[in-house]
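Listed below, chain by chain, are the residues.
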Amino acid sequence: MTKDWNTRTRLVHGGTRRSQWGEVSEAIFLTQGFVYDSAEAAEARFQQAGDDEYIYARYGNPTVRMFEERIAALEGAEDAFATASGMAAVSGALTSMLRAGDHVVAARALFGSCLYVLEEVLARFGVEVTFVDGADLDQWRAAVRADTRLVFFETIANPTLEVVDIAGVAEIAHAAGAVVVADNVFATPVFSRAVELGADLVVYSATKHIDGQGRTLGGVILGTREVIRGTVEPYMKHTGGAMSPFTAWVLLKGLETLDLRVRAQADTALALALAVQGHPALARLVYPGLDSHPQHGLVTRQMGGRGGTVVALDLAGGQAAAFRFLNTLEIVLISNNLGDAKSIATHPATTTHQRLPEAQKVALGITPGLVRLSLGIEDAEDVVGDVARALDAAGDLR
Ligand SMILES: *Cc1c(COP(=O)(O)O)cnc(C)c1O
């Protein structure tokens, strides 16, 4: 049934299970355990739990299952495992698939915590990681080896918004027998379907656009039924990164409006980019939806030309100008979430990427003047006006 539905229908009805009461809105099953009719039934369920047979909420729960099925239907993936946060999804996807002695190739430009897992955690367990410029397919080709087990990248890199060619990297990785794990947070499942493009596992921080209202932490790992239930689930359910039923309920309601929200946010992002590009306070403006983005052809192929909900601004006056800009904003909040209904501005060099050594910041384009703007669902004209006014104020510091 779900197969024939278009995106918005899947987001509203996908995965729904109703109790005997026939409730319209999804029920929250705030229970950690489940009762068996008999000792024999308990034994049978522990031997092999069928669909919609639950044992313990760390393994699965009806509300969590609704969320997993709804997001899987959206992504076009066979199955999904919901996790406590985006990082539980990233680290779970990597550690469930890898063992000591494996080789990994990863894009260099990553969310700070993803970088920590790849640089610090995997190394401690004997996994070797080679970092490449994710936008350069030649570097992927050169780095992948016979013993490469897995490749990892963010489909749009945080915070500099380079786009990775999912199909191109998947072709290179698959030729070497490696598994492709894509973090698709910035692109959202609305703008690019990483599974269809060749990713074997797709991970999301549901904390971002999927909640979209700044309420919960959550994540999800999507892939084939065989990998999700055979490899990911045993690892996740025994190591404890499960999603709470309450979080799953919040995220189910978030999914209902995901398509509407991210399209409105992307419209505002494009309007903003067009309105302020070329402003004298700016050394650089990056938005994948602009014709001027260096990977515009790829954005057209991979994201239907939609540039997502985030714009990167590099202020010519460096950190002082970036701080003046942030402190002048009245509608856009200074914070570090993204994908939220509220527009949010972040200064990566002093917050999300503060930990990185200076040289690494330079290599990643995280300059002192860089500001990441996540556009919300406020009135576009108000937000553009707020940003333009703050740029005018920052322009004095060139
Ligand atoms: C936020 C984020 C994560 C981590 O998600 P949490 O829900 O904060 O754990 C991972 N990858 C990317 C690209 C992110 O933006």
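About the cut-offs
- Residues numbered from 1 in each chain as written.
- Predicted model: local features only at pLDDT ≥ 70, side-chain atom pairs only at ≥ 80, totals over all residues.
- Heavy atoms only, no water.
- Near = heavy atom within 4 Å.
- Polar contact = N/O pair within 3.5 Å; in protein donor to acceptor, adjacent residues only side chain to side chain.
- Areas by Shrake-Rupley, 256 points an atom, 1.4 Å probe, with all protein chains shown as cover.
- Nonpolar A, V, L, I, M, F, W, Y, C, P; charged D, E, K, R; others polar.
- Domains from an automatic or database assignment.
- Buried area = accessible area lost by both parts, 1.4 Å probe.
- Salt bridge = Lys/Arg side-chain N within 4 Å of Asp/Glu carboxyl O.
- Helix = DSSP H or I, 4+ residues; strand = E, 2+ residues; numbered from the N terminus.
- Buried < 20%, exposed > 50% of the residue type's maximum accessible area, 1.4 Å probe, protein only.
- Pairing = 2+ DSSP bridges.
- Axes fitted to C-alpha atoms, helices over the stretch in contact; angles between N-to-C directions.
- Left-handed = near helix turned anticlockwise from the far one by under 90°.
- Contact = heavy atoms within 4.5 Å.
- Arc of directions from axis to C-beta.
- Parallel < 35°, antiparallel > 145°, perpendicular 65-115°, else oblique.

Within the structure, the ligand sits among 13 residues, and M87, D183, S205, T207 and K208 are positioned closest to it. Take K208: an N or O atom from its side chain is 2.7 Å from an oxygen atom of the ligand. Burial of the ligand by the protein chains amounts to 93% of its free accessible area of 380 Å². Tallied by class, residues from the shell around the ligand come to five nonpolar, five polar and three charged.

The domains assigned to the protein chain are domain 1 (7-254) and domain 2 (259-395). The contact between domain 1 and domain 2 buries some 3100 Å² in all, and 61% of this surface belongs to carbon and sulfur atoms. Across the domain 1-domain 2 interface, the total number found is two salt bridges. Of the charged contacts, one joins D165 and R301 as a salt bridge, the two residues approaching to 3.8 Å between their closest N and O atoms. If you look at where domain 1 meets domain 2, you find 14 residue pairs in polar contact (both at pLDDT 80 or more). Mapped onto the side of domain 1 that touches domain 2, the elements with two or more residues apiece are α1 (7-13), α5 (112-124) and α8 (188-191). The element that contributes the greatest number of residues to the side of domain 1 that touches domain 2 is α5, accounting for five residues. The residue inventory of the side of domain 1 that touches domain 2, partitioned by class, reads 20 nonpolar, 13 polar and eight charged.

What follows covers the pairing of strand β1 (residues 79-83). For β1, the tally of buried residues reaches five of five residues, placing the bulk of the element in the interior. Burial along β1 is two-sided: D79, F81 and T83 and A80 and A82, pointing in opposite directions, are all buried. Inspection of the sheet shows β1 paired to strand β7 (residues 219-223) by five bridges, in the antiparallel sense. By the bridge assignment, D79 is partnered in β7 with G223.

Moving on, we get to the packing of helix α4 (residues 86-97) against α5. Packed helix pairs are characterised by how far apart their axes lie and by the angle those axes make with each other. For the pair α4 and α5, the least separation of the axes is 10 Å and the interaxial angle reads 35 degrees. Handedness of the α4/α5 crossing: right-handed. Of α5, the residues touching α4 (which contributes M87, V90, S91, L94 and T95) are S113, C114, V117, L118 and L122. Along the lines of polarity and charge, the residues of the contact of α4 with α5 split into seven nonpolar, three polar and no charged.

On to the sheet that holds strand β10 (residues 333-334). Pairing is mixed in the open sheet, where five strands are placed in the order β8-β9-β12-β11-β10. Every interior strand has two partners, whereas the edge strands, β8 (282-286) and β10, have only one. Across four bridges, the pairing between β8 and strand β9 (residues 310-315) is antiparallel. Looking across to β9, one finds that R284 is bridged to D314. Strands β9, β10, β11 (344-346) and β12 (370-374) of the sheet are contacted by helix α13 (residues 318-328), whose axis makes an angle of about 130 degrees with β9.

The subject of this paragraph is α13. Along α13, the residues that are buried comprise G318, A321, A322, F325, L326 and T328. Seen end-on, α13 carries its buried residues on one side only, within an arc spanning 170 degrees. Against the buried residues of α13 lie β9, β10, β11, β12 and α15 (380-395).

Okay, the packing of α4 against helix α9 (residues 225-239) next. Contact geometry of α4 with α9 gives a least axis separation of 9 Å together with a crossing angle of 110 degrees. Our classification of the angle between α4 and α9 gives roughly perpendicular. Between α4 and α9, the residues in contact are A88, G92, T95, S96 and M97 and V227, T231, V232, Y235 and M236, respectively. Of the residues contributing to the contact of α4 with α9, the split by class is six nonpolar, four polar and no charged.

Glancing now at the pairing of β9. The element β9 is largely enclosed, with a buried count of six among its six residues. Here β9 shows two buried faces, one formed by V310, A312 and D314 and the other by V311, L313 and L315.

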